[in-house]
Amino acid sequence: MKKNIKDYNLDELKQVIQDLGEKPYRAEQIFKWIYIENVTSFDEMTNISIDLRNKLKENFDLHVFKILQKQVSKDGTKKYLFDVLDGNAIESVLMEYKHGFTICVSSQIGCKMGCKFCASTGVKFARSLSSGEIVEQLLAIQRDENIKISNLVFMGIGEPLDNYDNVMNAIKILNNPKGINMGARHISISTSGLVPKIYKLADENMQCTLSISLHSASNKKRSQMMPVNDVYNIQELMKACRYYIQKTNKRISFEYALAKENNDNLDDAKELAKLLKGMLCHVNLIPINKIENGKYSKSTNENIIKFRDYLNEKGIVATIRRELGSDIDAACGQLRKKEVEKCEPTQEQI
Ligand code: SAH
């Protein structure tokens, strides 16, 4: 199979182009065609000689995803199902906010983390996505909608820190001012809590936002919801978070999905307030989205508001996340990998 040209950051692409016997500035031109003009074929790169275009065609492809399905929620959120060209399909979500468009990307095909409340767990893990495949989710949606996406969150299928190198390289590509030019401040990485990788990320000195999927301040409850807690418990996780804050001076965002009669009462809020006391952080409360065969269901609005108010009273900034796209299973935890053969190649609007 030909190599995906989108897997290279600009420095690597310069080397690739030099290896083909060409001048490195050609790499910048090609980079612009890919990430600014968003072309889908080498033939559209009109300031590149036919000879070089042919060399590129022989060795690389542009790995253009096919849209297998597109669903539009009544709140405007759009969910895409992409054929990643190897028999697998992944989902990405486009949300529109006042400040612009945000894409929620997948980092893996399936997920190994096994969180009990998340649909991405329900199917077998296939593989990690390459950096080009991560970036192509954004490019494919920009082409389809003719828009410029300003923010990106790694909150789709997969555990981004379990695909560390490719996620970092994708960020490098996204950041590049000669291409997409998306600043690190506009990118969020969400993790279930892979402690050694949080230390590594802290040492990168990047300005990305780190989100931690916490969901409980009690080890017993968290382990029931998230098997990763048996490997890295809350105390180890908090230590890594404090290191991250100290190194980056950035606020951490803690995700807390509220499930009825599980982690949503005042005692849970008290335990959480104690755990996060004095930390530079923000708590994102998510009314848990029920998934097929999942045992957790959404808290009552009353409990969610009480939970938030208690945290705010204790000086911990907490907000309730607006639920987008739940009618098309595009909300947090509702994305799952699919197999191409089982998907109808249609564009569906609901
Ligand atoms: N693996 C990463 C990123 C993917 S999940 C992580 O665990 O953070 C993105 C966010 O959605 C996480 O905070 C996750 O805990 C949350 N989530 C998963 N399933 C959910 C559900 N059913 N309802 C609400 N949030 C959920």
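Residues numbered from 1 in each chain as written. Predicted model: local features only at pLDDT ≥ 70, side-chain atom pairs only at ≥ 80, totals over all residues. Heavy atoms only, no water.

Colleague: What should I look at first to understand the pattern of salt bridges in this one?
Modeller: Pairing between side chains of opposite charge can happen when their charged atoms approach one another. A full pass over the atoms with the stated rule returns 20 salt bridges. Of the charged contacts, one joins Glu-28 and Lys-14 as a salt bridge, the two residues approaching to 3.5 Å between their closest N and O atoms. Taken together, the positions of Glu-28 in helix 2 (residues 25–35) and Lys-14 in helix 1 (residues 10–19) put the pair 14 residues apart, joining distant regions of the chain. Judged by relative accessible area, Lys-14 falls into the partly exposed class, the value being 23%. The closest approach of N and O atoms between Lys-55 and Glu-22, which form a salt bridge, is 3.3 Å. Here the residue Lys-55 occupies a position in helix 3 (residues 50–59), and Glu-22 occupies one in the loop between helix 1 and helix 2, the gap between them amounting to 33 residues. Judged by its relative accessible area of 18%, Glu-22 is buried. Through salt bridges with shared partners, one network takes in Lys-70, Lys-78, Asp-144 and Glu-145. (Salt bridge = Lys/Arg side-chain N within 4 Å of Asp/Glu carboxyl O. Helix = DSSP H or I, 4+ residues; strand = E, 2+ residues; numbered from the N terminus. Buried < 20%, exposed > 50% of the residue type's maximum accessible area, 1.4 Å probe, protein only.)

Colleague: When you look at the site of the ligand in this model, what are you seeing that I'm missing?
Modeller: Around the ligand sit 20 residues in total, of which Phe-117, Ser-190, Ser-213, His-215 and Asn-289 are the nearest. Contact between the ligand and Gly-158: a nitrogen atom at 3.0 Å from a main-chain N or O atom of the residue. Contact with the protein chains covers 97% of the free accessible surface of the ligand, which is 530 Å². Those elements that place two or more of their residues in the shell around the ligand are strand 10 (187–191) and strand 12 (252–258). Partitioned by chemical class, the residues of the shell around the ligand number 9 nonpolar, 9 polar and 2 charged. (Near = heavy atom within 4 Å. Polar contact = N/O pair within 3.5 Å; in protein donor to acceptor, adjacent residues only side chain to side chain. Areas by Shrake-Rupley, 256 points an atom, 1.4 Å probe, with all protein chains shown as cover. Nonpolar A, V, L, I, M, F, W, Y, C, P; charged D, E, K, R; others polar.)

Colleague: How should helix 8 (residues 234–248) be read in this particular structure?
Modeller: Helical geometry: 3.6 residues make up each α-helical turn, so side chains three or four residues apart lie on a common side. Between its terminal C-alpha atoms helix 8 stretches 21 Å, which fits the 21 Å expected from 15 residues at 1.5 Å a residue. Those residues of helix 8 that sit buried are Ile-234, Leu-237, Met-238, Ala-240, Cys-241, Tyr-244, Ile-245 and Thr-248. Angularly, the buried residues of helix 8 cover 160° about the axis, an arc narrow enough to put them on a single face. With respect to the buried face of helix 8, the exposed residues turned more than 90 degrees away are Lys-239 and Gln-246. The inward-facing, buried residues of helix 8 abut helix 6 (195–204), strand 11 (209–213), helix 7 (219–225), strand 12 and helix 9 (266–276). For helix 8, the side-chain oxygen to backbone nitrogen distance between the N-cap and Gln-235 is 3.1 Å, and the N-cap itself is Asn-233. (Expected span 1.5 Å × (residues − 1). Arc of directions from axis to C-beta. Contact = heavy atoms within 4.5 Å.)

Colleague: Please explain the packing of helix 5 (residues 164–175) against helix 6 as it appears in this structure.
Modeller: How two helices pack is summed up by the angle between their axes together with the distance between the axes. Interhelical geometry of helix 5 versus helix 6 gives an angle of 25° and a closest axis separation of 12 Å. Between helix 5 and helix 6, the interaxial angle falls into the category roughly parallel. In the crossing of helix 5 with helix 6, the sense of the turn from one axis to the other is right-handed. Residues Tyr-164, Asp-165 and Met-168 of helix 5 form the contact with helix 6, whose own contacting residues are Lys-197, Lys-200, Leu-201 and Glu-204. Considering only residue class, the contact of helix 5 with helix 6 consists of 3 nonpolar, no polar and 4 charged. (Axes fitted to C-alpha atoms, helices over the stretch in contact; angles between N-to-C directions. Parallel < 35°, antiparallel > 145°, perpendicular 65-115°, else oblique. Left-handed = near helix turned anticlockwise from the far one by under 90°.)

Colleague: For this particular structure, what's the right way to read the pairing of strand 3 (residues 66–72)?
Modeller: Looking down a regular strand, the side chains alternate between one sheet face and the other. Among the 7 residues in strand 3, 5 count as buried, and that is most of the element. Where strand 3 lies against strand 4 (residues 78–83), 6 bridges are found, and the strand directions are antiparallel. When the bridges of strand 4 are listed, Lys-70 appears paired with Tyr-80. (Pairing = 2+ DSSP bridges.)

Colleague: Is there a simple way to explain the confidence of the model for the protein in this structure?
Modeller: Detailed reading of the predicted coordinates is not advisable wherever pLDDT is low. When the pLDDT values of the protein are averaged, the result is 94; 97% of them are 70 or greater. Across residues 343–350, where pLDDT falls below 50, the model places 21 contacts with residues more than four positions away in sequence or in other chains. (pLDDT = per-residue confidence, 0-100.)

Colleague: Whenever I open this one, the side chain of Ser-92 confuses me. Can you help?
Modeller: Within the fold, Ser-92 resides in strand 5 (residues 88–97). For Ser-92, a relative accessible area of 0% translates into the label buried. A polar side-chain atom of Ser-92 sits 2.8 Å from a polar atom in the side chain of Gln-137. Residue contacts for Ser-92: discarding those within four places in its chain leaves Lys-78, Lys-79, Tyr-80, Phe-82, Cys-104, Gln-137 and Ile-141.

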